[in-house]
Every structure is written in structure tokens, then in C-alpha cells.
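# Structural features, examined
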Amino acid sequence: MSTTDHTENTDTTTMLTCQSCGMPIESGPYCDHCTDEATGELQSFDERFRRMSLWQAKSHPGQSPEQVESATLDYMATMPAWREHPRVVAR
């Protein structure tokens with residue numbers, strides 16, 4: 001006779017990530033930081049780039065503005081929401 005384990009699955013390897021920034025999320029394609037509060041739609045590229053650049057600059061205070069921009073675009077190139085955006089492709 002076999003027994004079945006009914007414990008809650010806490011395996012984080014199946015956790016979803018935001019397709020815009022990579023943050024862990026429970027459902028949907030985007031996190032709350034990447035969506036417009038009023039509409040729930042993905043924020044514009046310019047808005048996400050600005051916010052992600054601010055985070056990059058804060059995390060790496062020694063980087064020049066050019067390095068921050070380059071690192072942000074490189075990271076955005078790994079995100080499904082932005083990898084084909086003309087500004088990312090042109091980097």
C-alpha cells in the first residue's frame with residue numbers, strides 16, 4: 001500500500017519571476033513594481049529603464065552614469081519583456 005504526502009509544496013524552483021525585472025512573483029507576468037497602479041499594465045520602457053537605472057546606481061555607487069546605463073540595458077536584455085525593445089537591441 002502506498003501513501004501520499006499531502007504536505008504543502010515549498011519548492012522555490014517553480015516560483016515565477018517578473019518578465020520585466022526578474023523579481024519573484026506569485027502569479028501573472030509582471031510584479032507590482034513594473035505595472036501601472038491604475039491599469040495593471042506594464043509600465044513604459046522609459047519608466048522601467050529610469051527606475052531600474054536608479055536601482056543600479058544605488059547598488060553600485062561607484063559606477064559612472066554611462067556604466068549604470070550600460071549595465072541596466074544589459075540586464076534588461078535578459079528580461080522577456082524588454083529583450084527585443086529597440087533601445088535594448090541597439091546597445
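Just so it is clear, the model here is predicted, and its values are computed rather than measured.

## Some remarks on the side chain of threonine 72
Inspection of the secondary structure assignment puts threonine 72 in helix α2 (residues 65–76). Side-chain polar atoms of threonine 72 contact the backbone oxygen of valine 68, separated by 2.8 Å. Those residues within four positions of threonine 72 in sequence are excluded, and the remaining contacts are Phe49, Met52, Ser53 and Gln56.

## Here's the deal with the nonpolar core
Core analysis: the biggest nonpolar cluster contains 14 residues, and Cys18, Cys21, Cys31, Phe45, Met76, Trp82 and Val88 have the highest contact counts within it. Of all elements in the fold, only α1 (45–59) and α2 reach the threshold of two or more residues within this core. Ranked by residues supplied to this core, first place goes to α1 with 3 residues. With near-sequence residues (within four places) excluded, cysteine 31 lies in contact with Cys18, Cys21, Met23 and Ile25.

Scoring rules and cut-offs
Residues numbered from 1 in each chain as written. Predicted model: local features only at pLDDT ≥ 70, side-chain atom pairs only at ≥ 80, totals over all residues. Heavy atoms only, no water. Helix = DSSP H or I, 4+ residues; strand = E, 2+ residues; numbered from the N terminus. Polar contact = N/O pair within 3.5 Å; in protein donor to acceptor, adjacent residues only side chain to side chain. Contact = heavy atoms within 4.5 Å. Core = buried A, V, L, I, M, F, W, Y, C linked by side-chain atoms within 4.5 Å. Buried < 20%, exposed > 50% of the residue type's maximum accessible area, 1.4 Å probe, protein only.

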